[in-house]
Amino acid sequence: MSGRVVMSDLFGQSYSQLDGSIKNRVLDFIVKLQERPDAPGLDLKKPTGVIDPRVMTARVTDFWRAVLIELPDSHGFILVAVKPHDDAYTYATRLRFGVNEVTGALEVVDQAALDDAVTRAATPAGADRAGADRAGADRGSAGRGSADQPAQPAAQPILNGVRSRDLLRFGVAENIAERLVTISDEDQFLAVAAALPAVQANAVHDLATGRSPDEVWADLVQETVPDIDTSDVEGALDRPLSRLTFTDGRDVDELRAVLEGDFKAWRVWLHPLQRTLAYHNGWRGPFRVTGGAGTGKTVTAIHRAKHVAQRLQPEHPDVKVLVTTFTKNLAQAIESQLGELAGVEIRSRVDVLNIDALAQRILARHDPTTRKTRLCSDDDAAIVTVWDAARGVTSEPWPVDFLHSEWSQVVLAQGISDRDEYLRASRSGRGRRLSRPQRAELWKVFERFTQLLTAQELMTFTQAASQAAAAAATGSGEPGSVRYRHAIIDEAQDLHPAHWRLLRALVAPGDDDLFLVGDAHQRIYGRPVVLSRFGIETRGRSRRLTVNYRTSREILRWSLGVMQGQAVDDLEGENETLAGARSEFSGPAPVVRGFDTGAQEKAALVSTAREWHNDGIPWSQMAIMVRQRWVVDPLVTALDEAGVPATKVEAKTEESALGDEVRVMTMHRAKGLEFRAVAVIGAGDRDLPPPAIRQLDGDERKAAWRREQNLLYVCGSRARERLYVSWVGKPSELLGPA
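Residues numbered from 1 in each chain as written. Predicted model: local features only at pLDDT ≥ 70, side-chain atom pairs only at ≥ 80, totals over all residues. Heavy atoms only, no water.

Q: So what's going on with the overall build of the chain? Which residues, and what values?
A: For the chain, the count of helices and strands is 28 helices and 25 strands. Taking all 738 residues of the chain together, 53% fall into the buried category. Considering only contacts in the chain between residues 6 or more positions apart, those separated by 24 or more positions represent 73%. As displayed, the chain has an accessible area near 32400 Å², and 48% of this comes from carbon and sulfur atoms. (Helix = DSSP H or I, 4+ residues; strand = E, 2+ residues; numbered from the N terminus. Buried < 20%, exposed > 50% of the residue type's maximum accessible area, 1.4 Å probe, protein only. Contact = heavy atoms within 4.5 Å. Areas by Shrake-Rupley, 256 points an atom, 1.4 Å probe, with all protein chains shown as cover.)

Q: Can you explain the packing of aromatic side chains? Please cite residues and give values.
A: For the structure on display, the rule yields 14 aromatic pairs. Centroid distance W283 to F287: 3.9 Å. Interplanar angle 20°. Geometry classified as stacked. Note on accessibility: W283 and F287 belong to one class, buried. Judged by centre distance (6.3 Å) and plane angle (15°), the ring pair of F287 and F515 falls under stacked. Residue F287 is located in strand β8 (residues 287–291), and its partner F515 is located in strand β14 (residues 514–518); the two are separated by 228 residues in the primary sequence. Connected via pairs of aromatic rings, a cluster forms that spans W387, W407, Y422, W443, F446 and F449. The ring of Y91 has K83 sitting right over it, with the charged end atom 4.8 Å from the ring centre. In this arrangement the basic side chain of R439 is found over the ring face of Y422, its NZ or CZ atom lying 5.8 Å from the centre. (Phe/Tyr/Trp six-rings, centres within 6.5 Å; stacked < 30°, edge-to-face > 60°. Lys NZ or Arg CZ within 6 Å of the ring centre and 35° of its normal.)

Q: Would you mind going over the packing of helix α8 (residues 186–195) against helix α9 (residues 198–208) in detail, with residue names and values included?
A: With their axes 8 Å apart at the nearest point, α8 and α9 run at an angle of 150° to one another. Relative to α9, the element α8 is oriented roughly antiparallel. Listed contacts from α9 to F189, L190 and A193 of α8 are A201, V204, H205 and A208. A class-by-class count of the residues in the contact of α8 with α9 yields 6 nonpolar, 1 polar and no charged. (Axes fitted to C-alpha atoms, helices over the stretch in contact; angles between N-to-C directions. Parallel < 35°, antiparallel > 145°, perpendicular 65-115°, else oblique. Nonpolar A, V, L, I, M, F, W, Y, C, P; charged D, E, K, R; others polar.)

Q: Let's hear about the pairing of β8: which residues, and what values?
A: In terms of burial, β8 is largely enclosed, as 5 of its 5 residues are buried. With burial as the criterion, each face of β8 is covered, one bearing F287, V289 and G291 and the other bearing R288 and T290.

Q: Tell me about helix α18 (residues 381–390), residues and numbers included.
A: For α18, the full list of buried residues reads I383, V386, W387 and A390. End-on, the buried residues of α18 take up no more than an arc of 100°, which puts them together on one face. Facing away from the buried surface of α18 by more than 90 degrees, the exposed residues are A381 and T385. Those residues of α18 hidden inside the fold are in contact with β11 (374–376), α19 (400–414), α21 (436–455) and β12 (458–460). The opening residue of α18 is D380, an N-cap whose side-chain oxygen sits 2.8 Å from the backbone nitrogen of A382. (Arc of directions from axis to C-beta. Polar contact = N/O pair within 3.5 Å; in protein donor to acceptor, adjacent residues only side chain to side chain.)

Q: I'd like to hear about the sheet that holds strand β25 (residues 719–728), residue by residue, with values.
A: Within the open sheet, the 6 strands sit side by side as β20-β25-β24-β21-β23-β22. Their pairing is parallel. Unpaired on one side and paired on the other, β20 (591–595) and β22 (646–648) mark the two borders of the sheet. Across this sheet, the average inter-strand angle for adjacent strands is 20°, counted without regard to direction. In this structure, strand β21 (residues 622–626) lies alongside strand β24 (residues 675–680), joined through 4 bridges in parallel fashion. Looking across to β24, one finds that A623 is bridged to V678. (Pairing = 2+ DSSP bridges.)

Q: How would you sum up empty space enclosed by the protein? Please name residues and give values.
A: Across all of its chains, the model carries 4 cavities of 30 Å³ or more by this definition. Put simply, the largest cavity is a space of about 110 Å³. D206, R211, D219, H271, L273, Q274, T295, R544, L545, T546, V547 and Y549 are the residues that line the largest cavity. When residues of the lining of the largest cavity are traced back to their parent elements, those giving at least two are α14 (272–278) and β15 (542–545). For the lining of the largest cavity, the residue count by class is 4 nonpolar, 4 polar and 4 charged. (1 Å grid on protein atoms, 1.4 Å probe; cavity = no way out; pocket = protein on both sides within 12 Å on 5 of 7 lines; lining within 4 Å. Points joined across faces, edges and corners; volume = space filled by probe spheres on them.)

Q: Describe the pattern of salt bridges, listing the residues and the values that go with them.
A: Counted by the stated rule, this structure contains 34 salt bridges. The salt bridge partner of R120 is D116, with a shortest N-O separation of 3.0 Å. Of this pair, R120 and D116 both sit in helix α4 (residues 111–120), 4 residues apart, roughly one helical turn. D116 gets classed as partly exposed once you look at its relative accessible area, which sits at 40%. The salt bridge involving D687 is made with R686; its shortest N-O contact spans 3.9 Å. Among the charged side chains, a salt-bridge network with shared partners connects D43, K45, R59, D62 and R65. (Salt bridge = Lys/Arg side-chain N within 4 Å of Asp/Glu carboxyl O.)

Q: Requested: an account of the packing of α19 against α21, with residues and values cited.
A: Where α19 contacts α21, the two axes come as close as 11 Å, and the packing angle between them is 90°. Regarding the angle of α19 to α21, the classification is roughly perpendicular. Contact residues: α19 offers F402, L403, E406, W407 and V411, while α21 offers L442, W443, V445, F446, F449 and T450.

Q: Run through the confidence of the model for the chain, naming residues and quoting values.
A: Of all residues in the chain, 88% have pLDDT values of 70 or greater, and the mean over the chain is 84. The low-confidence segment residues 124–150 (pLDDT under 50) makes 32 contacts with residues lying over four places distant or belonging to another chain. Predicted confidence for residues 476–482 stays below pLDDT 50, and this span has 15 contacts to residues more than four positions away or in other chains. (pLDDT = per-residue confidence, 0-100.)

Spelled out as structure tokens, the structure:
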């Protein structure tokens, strides 16, 4: 006899508080419950005083008991919590369980916690007073006057404009809906929402961001379930909407991966909106998914790759799917996760390449002689030296930074191949005006630059992408007129126009051709682009994700504060916003500290890493990020000498080859990674932004400054539970007001 064991989201709350030895016993318990649910050692009991007779407890150890809900016809159990013996029995009496008669979702609720949160949520006037008391003298007393201070207007409800009947659509009970629409204090609002079942909580949070009930319904519920049978528990459990709440532990290895920490779980389990986007068929062209850091864009993209590869397999066995992203590290991570999710057979149908490797592949097939060429980044010392030599063909002292930018953002961006094209080319957004004679002189520099590169067998990555795009457009990059039927593009915001020309040439326009995911707030390379200029039209085919599954509310709040006041584009010439971004959980507040000397800063960093480790965070789940590359090696040495094991992370570093060591890296290298704890050091005004950026002026300075702001946001949002930021001297302006 075997049974099904399904984990409720409430289980995760109690499980995360257990120490390692008990967690191992919990896994053994779940396996035993699956394989022999009638084993006498489980000691299944029905406590007295429970709201629902299906609620039971079972022995994990003599001290720890599990709280379970029995599924009909002995088909298994829902695991709700693991608690000390007496606490488990008390908790069992608090649970309410059933099928929501409106949404059809299966729900498990800590009814006592929900009732308590609703009771504490005061009337609007009371909420105003509570909020004023917490805010302190700086905000004054909301809604009340005094001899020294005029009366302040009453605070607006969090769900301003939302009616209680709007909440009823999502299965919220009438008495709770009526209270929710009156709450103006954020803490009280979040407390009630946190106690609601997951479907209701998600709807309430989304409505609080200003989205309409119809929009939330389309994303979350998606369809009305006709003739809901509230007695059909297993039917409700298998409903897509219930996946917000329940995880089915059918496979022991998968179960173990989930139980190792919900840090990994968000990569695998999809929100209903994410699932809809990943498994949709029939978009009439490209589709774009946006959202802040940690909202699951990449995991959605990985599921999308699995889906389109499976769909192609029977009818087009020789056609492949392309998955590309900006950096090698990200490509390696995606390749590994896709293999875990899809298996070997489906994985073999997908090419996972970072965008530069893709360009190299296409270019090498077009011109095999380029295989001898050394590809360099734009700031490589060899490239800077060539620019310095090339500008000698003119008498005007063109700055190297300007020459590189003009060549990259105008010549390579537009695929310009001759002087006449450049003389006619648009330079919109370049800031500095150029006369026709100046353009002619610049073209001489560009010609000399490319000649010198060829002579030295050098090429920049962007130059390679531009040449690969030209080769692919002629059909000579790979055999056949269509190289890939579908492409999934991660970190879309960082791609150069040459990359977009290459991708459009490799994937012919058609249904579901391109699936783009990105966040313009994380653009740390290049400049904004308008995709429609490259034959990639996503207007009317895009969705924004708002739920952050990786970062605590406190860290998310800090990261959003870094971005305050910055307007960014959405790859279609419109503004993109982070409004409505929210986290699923709370944690410690970020620690932000300044020091007088570098020695003090390093000593405090060592102390912080040790504290994290003593709190149960493995060294391998800590990362230290710095702005300057030359800081990394000395920092690794200093940490090792202080007894904190550390290792350097570079572009070629494979995570699987690393041990239990703190990861030390540049801020740019952190892109796409995540850790339980992150330290950002050297965040003072002399290092962030670097002096070279402070010396820029005009549009170049503004663009570079925005990228530095984005970079700090990226680093902060890599952290799940702990964030530590330090500097020597004065803090960088990028950190925002103190």
